[in-house]
Amino acid sequence: MSWCLCGCPRPWAKRLGSLGWGGPGPQGAGRALEGGWSRGLGAGLRCSCSEAPLPPKHPQPRVGLGLLPFFLACAVYLLVQCSVDQPSRVSALLKSLPVLYLAGFLGTAHPGGGYRSLLQGALLCSAVGDACLVWPEAFLHGMAAFGLAHLLYLRAFGLTPLKPGLLLPILLVSAPYFGFLLPHLPPHLVWPLLAYSTVLASMLWRALARGESARWGALLFLLSDAVLAWNTFFHQLLHGHLLVMTTYYLAQMLIALSAFQSPRLKSH
């Protein structure tokens, strides 16, 4: 009885001798190994134990089950918001809770790295923005928090592949819409909203270039903000807040799910 290269007993000597490596019998097999046939052994006579697949070190969680608390938190906020008209700390907490949960849920994505951390930072900034927008007087603070969130998303999505051709359709949609709303905007919000819109359009560009679920999340984010701007500055829509929040929560969820789809979670 001899030993295979991984340490488990195998009758290698007899088999090597039958193949004529180094001569017949165990002695010939020994000469084959001593004469440099170990490379042939490793390539052509592998032990079955070395061929068994190894379990992954960091298996991905079951994403569907992990999102159940997120959907529950969304439902609770939307139901409570329908019956509460006055801003309060409770409504601010309930509004930001789904996004806070997504930030924590991203901690289960493997491997980690810069991409996941940037998404978590963007979600935390978004939660701050959610809380600020509960009070109308904190609108600028909320917009600044969301602007920072989009910058973190933009950094996470990176600049490769560049795909500059995607900028044209984004510009053709966002510029006329901003021009339409411009006469209805308060003067002190024109430049902050222009800066925010530029950052949002840039984030959308990079998300479309990245692909996966991030692009659909960015598109829904743009839709949510467009409805919010229409609802706030032009005309109050029936169930407008419901439309804004459902598209917003779905957008954040789809962007967060991109951390579970990419084999290389790193920013460029």
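Conventions adopted
Residues numbered from 1 in each chain as written. Predicted model: local features only at pLDDT ≥ 70, side-chain atom pairs only at ≥ 80, totals over all residues. Heavy atoms only, no water. Helix = DSSP H or I, 4+ residues; strand = E, 2+ residues; numbered from the N terminus. Buried < 20%, exposed > 50% of the residue type's maximum accessible area, 1.4 Å probe, protein only. Contact = heavy atoms within 4.5 Å. Areas by Shrake-Rupley, 256 points an atom, 1.4 Å probe, with all protein chains shown as cover. Expected span 1.5 Å × (residues − 1). Salt bridge = Lys/Arg side-chain N within 4 Å of Asp/Glu carboxyl O. Axes fitted to C-alpha atoms, helices over the stretch in contact; angles between N-to-C directions. Parallel < 35°, antiparallel > 145°, perpendicular 65-115°, else oblique. Left-handed = near helix turned anticlockwise from the far one by under 90°. Nonpolar A, V, L, I, M, F, W, Y, C, P; charged D, E, K, R; others polar. Phe/Tyr/Trp six-rings, centres within 6.5 Å; stacked < 30°, edge-to-face > 60°. Lys NZ or Arg CZ within 6 Å of the ring centre and 35° of its normal. Polar contact = N/O pair within 3.5 Å; in protein donor to acceptor, adjacent residues only side chain to side chain. Lys, Arg positive; Asp, Glu negative; His and termini not counted.

### Here's the deal with the overall build of the chain
Then step 1. When helices and strands are counted, the chain shows 12 helices and two strands.
Then step 2. Walking the chain from its N terminus toward its C terminus, one meets helices and strands in the order β-β-α-α-α-α-α-α-α-α-α-α-α-α.
Then step 3. Relative to its 268 residues, the chain shows a buried fraction of 38%.
Then step 4. Once local pairs closer than 6 in sequence are excluded, the contacts in the chain between residues at least 24 apart make up 70%.
Then step 5. With an accessible surface of roughly 14800 Å², the chain has 70% of that area assigned to carbon and sulfur atoms.

### Here's the deal with helix 9 (residues 167–181)
Every α-helix winds through 3.6 residues per turn, so residues three or four apart in the chain are directed the same way.
Then step 1. In a regular helix each residue adds 1.5 Å, so 15 residues correspond to 21 Å; helix 9 covers 21 Å between its end C-alpha atoms and thus fits that length.
Then step 2. Residues of helix 9 that are buried make contact with helix 10 (190–210) and helix 11 (212–234).

### Section: the environment of K163
Then step 1. Within the secondary structure, K163 sits in the loop between helix 8 (139–157) and helix 9.
Then step 2. With 43 residues separating them in the primary sequence, K163 and R206 have C-alpha atoms 8.6 Å apart.
Then step 3. What K163 contacts, discounting residues up to four positions off in sequence, is W205 and A209.

### Overview of the pattern of salt bridges
Then step 1. Evaluation of the coordinates by the stated rule reveals one salt bridge.
Then step 2. When the shortest N-O distance is used, the salt bridge between R210 and E212 registers 3.8 Å.
Then step 3. A relative accessible area of 30% places E212 in the partly exposed class.

### Describing the packing of helix 5 (residues 68–83) against helix 6 (residues 89–105)
Then step 1. At a minimum axis distance of 9 Å, the contact between helix 5 and helix 6 shows a crossing angle of 165 degrees. Judged by the angle between their axes, helix 5 and helix 6 are roughly antiparallel. Crossing handedness for the pair helix 5 and helix 6: left-handed. Contact with helix 5, carried on its side by P69, F70, A73, C74, V76, Y77, V80 and Q81, involves S91, L94, K95, P98, Y101 and L102 of helix 6 and no other residues of that element.
Then step 2. Here the residues of the contact of helix 5 with helix 6 sort into 11 nonpolar, two polar and one charged.

### Remarks on the packing of aromatic side chains
Then step 1. Evaluation of the coordinates by the stated rule reveals 15 aromatic pairs.
Then step 2. An angle of 75 degrees between the planes, with centres 6.3 Å apart, marks the rings of F146 and F221 as edge-to-face. Linking F146 in helix 8 with F221 in helix 11, this pair joins segments that are 75 residues apart in sequence.
Then step 3. Residue F221 is classed as buried on the basis of its relative accessible area of 1%.
Then step 4. For the ring pair F221 and Y248, a centre distance of 5.5 Å and an interplane angle of 85 degrees mean the geometry is edge-to-face. Highlighted residues: F221 in helix 11 and Y248 in helix 12 (residues 240–257), separated in sequence by 27 residues. Each member of the pair, F221 as well as Y248, carries the same accessibility label: buried.
Then step 5. An aromatic cluster of at least three residues, connected via ring pairs, comprises F70, F71, Y77, F146, F221, Y248 and Y249.
Then step 6. Directly above the aromatic system of W205 lies the positively charged group of R206, at a separation of 4.5 Å from the ring centroid.

### Considerations on the packing of helix 6 against helix 7 (residues 114–132)
Then step 1. In the contact formed by helix 6 and helix 7, the axes pass within 8 Å of each other and the chain directions differ by 175 degrees. In terms of axis orientation, helix 6 runs roughly antiparallel to helix 7. Facing helix 6, whose interface residues are A92, K95, S96, V99, L100, L102 and A103, helix 7 presents Q120, L123, L124, S126, A127, D130 and A131.
Then step 2. Class assignment for the residues of the contact of helix 6 with helix 7 results in nine nonpolar, three polar and two charged.

### What about the environment of V199?
Then step 1. Position of V199 among the secondary structure elements: in helix 10.
Then step 2. Excluding anything up to four places from it in sequence, V199 contacts G147, H150 and L151.

### Observations regarding the side chain of S224
Then step 1. Position of S224 among the secondary structure elements: in helix 11.
Then step 2. Only 2.8 Å separates the side chain of S224 from the backbone oxygen of V244, close enough to count as a polar contact.

### Examining the side chain of D225
Then step 1. Topologically, D225 is positioned in helix 11.
Then step 2. Although D225 is buried, it makes no salt bridge; K95 carries the closest opposite charge, 9.7 Å away.
Then step 3. Those residues in contact with D225 that sit more than four places away from it in its chain are H150, Y196 and L200.

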